[in-house]
Each structure stands twice: as C-alpha cells, then as structure tokens.
Amino acid sequence: MAALAILVSCSKGKDTSYEISYRVSFEPEDHYIDVRMRYVPAKPDGKAVTFKMPVWAPGYYIIMDYPKYVTGFEAFESSGEPAAWSKSGKNSWVINSSGALDIHYKVFADAVSVADSKVTAEGAFIAPNGVFLYKDIDHPVSVAFTLPDKWKTISTSLPFGDGVYSAEDFDVLYDSPFLIGDHLTKSIEQDGIVYEFAVQRPEGFEESPIAGDFMAGVREAVRMFGDTPYESYHLLLLGRGPGGLEHQSSQADYTAGHWDFETREAYLSELRFMTHEYFHCYNVKAIRPIELGPFDYDKEVFTPLLWFSEGITCYYESLLLEKAGVETPQEHLDFLARYIKDTENTEGRKHMSLRQSSYDIWLNFFNRSANASATTISYYVKGPVLGFLMDLEIQRISGGKKSLDDLMSLLYWRFHKEKGRGFTEDEFWAAAEEVAGGGLGQIRRYVDTTDEIDYDQILTPAGLTLDKETWTLTRN
Ligand SMILES: [Zn+2]
C-alpha cells in the first residue's frame, strides 16, 4: 500500500473537481452504522454520478459482497429535494444530480470477522471497505464521528486534525480500520516511532510480557530492512474471536479475549499471530506480487505468489522471535516441524501445488467441502515449509554469505522503494537466484508441482535431522 502511496502522490491534491467527506454515527442496540456522505463538485456539470463500494478487502481473499449490508439508501440535493438514484450493479449506485449531494445509508454491522464491521453497546470495529463509498479511488477523503457518550477512544492509523480523520485516497482509507469505544490503549516508542496497542479485552494485558516481546520482534524486522514503512503503527486487538488482518500501518486481530495465557504454547501462538500480521507491513504491503495493487475492488485479484506473501510471513512470525531471543531455537524448530508434519499428512498435497493454492485461494479461503482436505492444500501450512527450505538453500548455495533475509531486503529496496511497484513471478525467482548466487530450480519445483519433497537432501547439509516417526526436527 505504501507503493501505491508513492504512485498516487504524484497526482495527490491535483483533483479538486469535487470533495467527499463523511460523518459516521451509530445505533449500537441495533448494530447499525449510520453513514452520511457529502459530495460537493467544484463545477456541477449536470451528469449523473456513480458511487461504488468494494466487494472485498485486500488480505482477505474472498468476495465479501459488502453492499448486502447497506440499507436505507437515500440521496438529497443541497436544496433538500430527494435525488433520483438507481443501482447499476451489485456494488454501484448512480445518482442523477446537478450539484452537491447528501447521501445517507445504514450499514448492518454484527459479524465477528476482521474484514467485517461490528457495532455493539460496548463500541465499534469499523472495517472501512464495507462502510465507505468511493467515486474515484485516487481521491482524498475525510471521516468524522459522532459517538455515544460512553465511547471515549478512537484508535486508527489515520491522522486526525480539525475534527476529522484524513486519508490521502481511498486505498489508504480502506487500509485503515477503526476501533472505537472505551478500550485500553498503551503506547510504546521504539526508535522514534510510536506503537499503539488498542485492547478491547485488557484482562491480563498490562501484566503480560506480550507487548515487550512483540516489540523485540519488531526491532529484528526493522534491523533486517533498515527501514520502517509506516509513520506510526497501531494494533487493534479485539475481543475473543478468529482471524487477523494486516494493514500498512496497523493490524486488526481477534484474540483469545484475555492475556493471562495458561501455557507457553498459547502465549507464543498469540504473539506469533501479532508478529505475523506485523511482518505483513513489509511482506505483502510493501514487498508484493505485482497483481496486489493498485487493487480492483470490484472483483478477485489473482496471483500465483500468495504462498510467498503468506507462507514466508508464517515463517518469519517465529524466526523474528527466535532472532530476538523470545523463542528458543528448539521452539522455532518445533514450530517448523509441525508445519512439515501437517504438510505431509494432508492428502491434498498430491493434488494441488503450492502455486495453485495461491491462485485458487478465492475458491478455498473458506472451503468447508467434505473433500477439501483431500484435494487442496493451504499456503499457510506448506508455505512456511518452503520458506524454511528456501532459506536453507540460499544459505547453502551462497556458502553461508546470504539468507532469505537478503532476498526480503532486496525485494523491498528494489521493487518497493526504487520502482514503486510489485514484482512478477519471473522477477521474483530471478531475484531469489541472484541472492543465492545459483539455481533454485528444485525449490521452484516444490512450489510449482506436487512432487514429493526430499527433506533430508536439504536438511542434512544444514546440520538438521527430521525424525519422520515423531515429526521432530533437531539440530545435530
Ligand atoms: Zn497473513
């Protein structure tokens, strides 16, 4: 998303042909978000104007069809007269108007998902894609709130000033969720950058080492790239529920609903999860397949490289914590061994390659068919295995001079910072072989095909042993 920011900054501020601003209020008892949009064209031209709502959210690779939650749509001229409107598609509204418009609609918000909004008496989580209509993505927008009395705090990565939250364009707005209510906030400054933890269920949070351990992982990532792709970083930590979603300057995660974990495993699981979503601010938001931005919010965006964006992020969620000394080396190996075991114990690995699982994620994000595990694989499972093997191969071929860290850094600086774009599949593999200083054809074959993986061939030279009876991984 920062790459997009670079691209759009050239035209930023140039489009003064209209203004869009929002005021948002809530009906907590009925789980509604009340949205009022003001559209003001500089020179009314008498033409109809079309507004759209995204049907999906980047990072959540499934069609969400957000407009199904929109109700009570109304449009008014500045005179107060109703303006005629009609739908021109499932996510587009055409309004006949010669000038400024006030548009009003409500959004039903009662789903427990990081890609959906939720409003209760306690507060609101706003997933912006399903709330705000756009005319052009590359256009600035502001959002103001009217809150119920008990809601005191708004946590988001968007800057606040003059009573409004401002986004330079709708890509940024859609990448900036809000947590609103009376939640705990805790700020930690590290290397001159503020990290805000917004915690909806704070039981045990202050006593837990999790914020400090998270920051130790952050330090390792920043050291690896020598750069931070955000001005400040915000963790929106919601109540009990599943899933997390990455953003350029924030993450929104459902959690265990408390922070006094009973086991080390449960603690590490939550910490790795937060570290995973954080690492995405580099890998997928900055380091990205070329198909992932600028986004088409009307339909699916296919890429064969999500195994890298997600699988390698899984690999680093543990590796960063091991480098930081938060995880022991054996805990990291146990983490990897579990993924190897799960990969090898899935029948689907014989029928779907890792590359194919990336492309077909739009079919399988929530594929609960009875035969799903027998016919498909998850890049969240086989992806970190290939990330690990690729790291070992880069280290071996380069004689220990390079590692996967160097590939990540090269992709970040060459494509995100210098070119301001993502990379093609061929560019990715060429960069990987450039860093290794030799061929990675075997790794690519394990990604592109369903060939059986010869673990010993890669693990043994690295001084590692995989016991396939117990699925344990040990350093010799
Ligand atoms: Zn992820």
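Just so we're clear, the structure is a prediction, and the values are computed from it rather than from any experiment.

(A) Molecular detail of the overall build of the protein. The number of helices and strands found in the protein is 14 helices and 21 strands. Against the 2.2 N^0.38 benchmark of 23 Å for 476 residues, the protein shows a C-alpha radius of gyration of 23 Å, consistent with a compact globule. Dimensions of the protein, computed from C-alpha atoms along their principal axes, come out at roughly 80 × 50 × 45 Å. Across the 476 residues of the protein, 44% fall into the buried class.

(B) Region of the structure containing the domain arrangement of the protein. Assigned domains of the protein: these are domain 1 (15-181) and domain 2 (187-475). A straight line from the C-alpha centre of domain 1 to that of domain 2 covers 32 Å. On the side of domain 2, 28 residues touch domain 1, which itself brings 23 residues to the contact. Among the residues forming the side of domain 1 that touches domain 2, the class breakdown is 14 nonpolar, 8 polar and 1 charged.

(C) Seen up close, the nonpolar core. Counting residues in each nonpolar core, the largest one holds 124 residues, and the members touching the most others are Ile33, Val35, Val107, Trp307, Leu336 and Leu386. Broken down by element, this core gets its largest block of residues, 10 residues, from helix α5 (residues 306-323). No fewer than three residues from each of domain 1 (15-181) and domain 2 (187-475) sit in this core. Contact partners of Val107, with chain neighbours within four places excluded, come to Tyr32, Ile33, Val35, Tyr69, Val70, Ser117, Gly130 and Val131.

(D) Up close: the pairing of strand β17 (residues 233-240). The element β17 is largely enclosed, with a buried count of 6 among its 8 residues. Sheet topology note: the strand β16 (residues 193-199)/β17 ladder contains 5 bridges and is parallel. Looking at β17, one finds that Tyr195 is bridged to Tyr233. Of the crossover connections in this fold, the one passing from β16 over helix α3 (residues 210-225) to the parallel β17 is left-handed. Here β17 runs beside strand β19 (residues 250-255); their pairing, made up of 5 bridges, is parallel. Residue Leu236 lies in a different strand from β19, and its bridge partner there is Ala252.

(E) The arrangement of the sheet that holds β17 in detail. Reading across from one edge, β15-β16-β17-β19-β18 is the order of the 5 strands in this open sheet, with mixed pairing throughout. Lying at the two open borders of the sheet, with one neighbouring strand each, are β15 (184-190) and β18 (244-246). Strand after strand, the sheet turns through a mean of 15 degrees between neighbouring axes, direction not considered. In the packing of α3 onto the sheet, contacts are made with β15 and β16, and the angle to β15 comes to roughly 35 degrees. The strands touched by helix α4 (residues 264-279) within the sheet are β17, β18 and β19, with β19 carrying the most contacts at an inclination of about 155 degrees.

(F) Here's a closer look at unusual backbone geometry. Across the junction of Gly293 and Pro294, the peptide omega takes the value -5 degrees, indicating a cis bond. Unusually for a residue other than glycine, Asp65 sits at a positive phi of about 50 degrees. Assignment of secondary structure puts Asp65 in the loop between β3 (49-52) and β4 (70-77). Phi is positive for Asp191, close to 50 degrees, though the residue is something other than glycine. Looking at the secondary structure, you find Asp191 in the loop between β15 and β16. For Asp191, a count of 10 C-beta atoms within 10 Å gives the class exposed.

(G) Up close: α4. Between the first and last C-alpha of α4 there are 22 Å, a value that for 16 residues agrees with the 22 Å anticipated at 1.5 Å per step. For α4, every residue scored as buried is listed here: Leu268, Leu271, Arg272, Met274, Thr275, His276, Glu277, Tyr278 and Phe279.

(H) Examining the sheet that holds strand β6 (residues 92-95) more closely. Overall, antiparallel pairing links the 3 strands, which are arranged β3-β6-β5 in an open sheet. Because the sheet does not close on itself, it has two edges, and the strands there are β3 and β5 (85-89). Here the strands of the sheet are splayed against their neighbours by 30 degrees on average, with no regard to which way each runs. In this sheet, β6 lies alongside β5 in antiparallel orientation, the contact comprising 4 bridges. By the bridge assignment for β6, Gly89 is matched with Ser92.

(I) Up close: helix α6 (residues 329-344). Under the 1.5 Å per step criterion, the end-to-end length of α6 is 23 Å for 16 residues, consistent within 8% with the ideal 22 Å. Among the residues of α6, those classed as buried are Leu333, Phe335, Leu336, Ala337, Tyr339, Ile340 and Thr343. In this structure, the buried residues of α6 make contact with α5, α10 (379-397), β20 (464-467) and β21 (472-475).

(J) Looking closely at the environment of Gly99. Here Gly99 shows up in the loop between β6 and β7 (101-108). Note on Gly99: 15 C-beta atoms within 10 Å, which makes it partly exposed. C-alpha separation for the pair Gly99 and Val24, spaced 75 residues apart in sequence, amounts to 22 Å.

Each value, and the rule that gives it
Residues numbered from 1 in each chain as written. Predicted model: local features only at pLDDT ≥ 70, side-chain atom pairs only at ≥ 80, totals over all residues. Helix = DSSP H or I, 4+ residues; strand = E, 2+ residues; numbered from the N terminus. Rg over C-alpha atoms; globule rule 2.2 N^0.38 Å. Buried ≥ 20, exposed ≤ 12 C-beta atoms within 10 Å, placed from the backbone. Domains from an automatic or database assignment. Contact = placed C-beta atoms within 7 Å. Nonpolar A, V, L, I, M, F, W, Y, C, P; charged D, E, K, R; others polar. Core = buried A, V, L, I, M, F, W, Y, C linked by C-beta atoms within 7 Å. Pairing = 2+ DSSP bridges. Right-handed = clockwise from strand over helix to strand, strands pointing away. Axes fitted to C-alpha atoms, helices over the stretch in contact; angles between N-to-C directions. Expected span 1.5 Å × (residues − 1).

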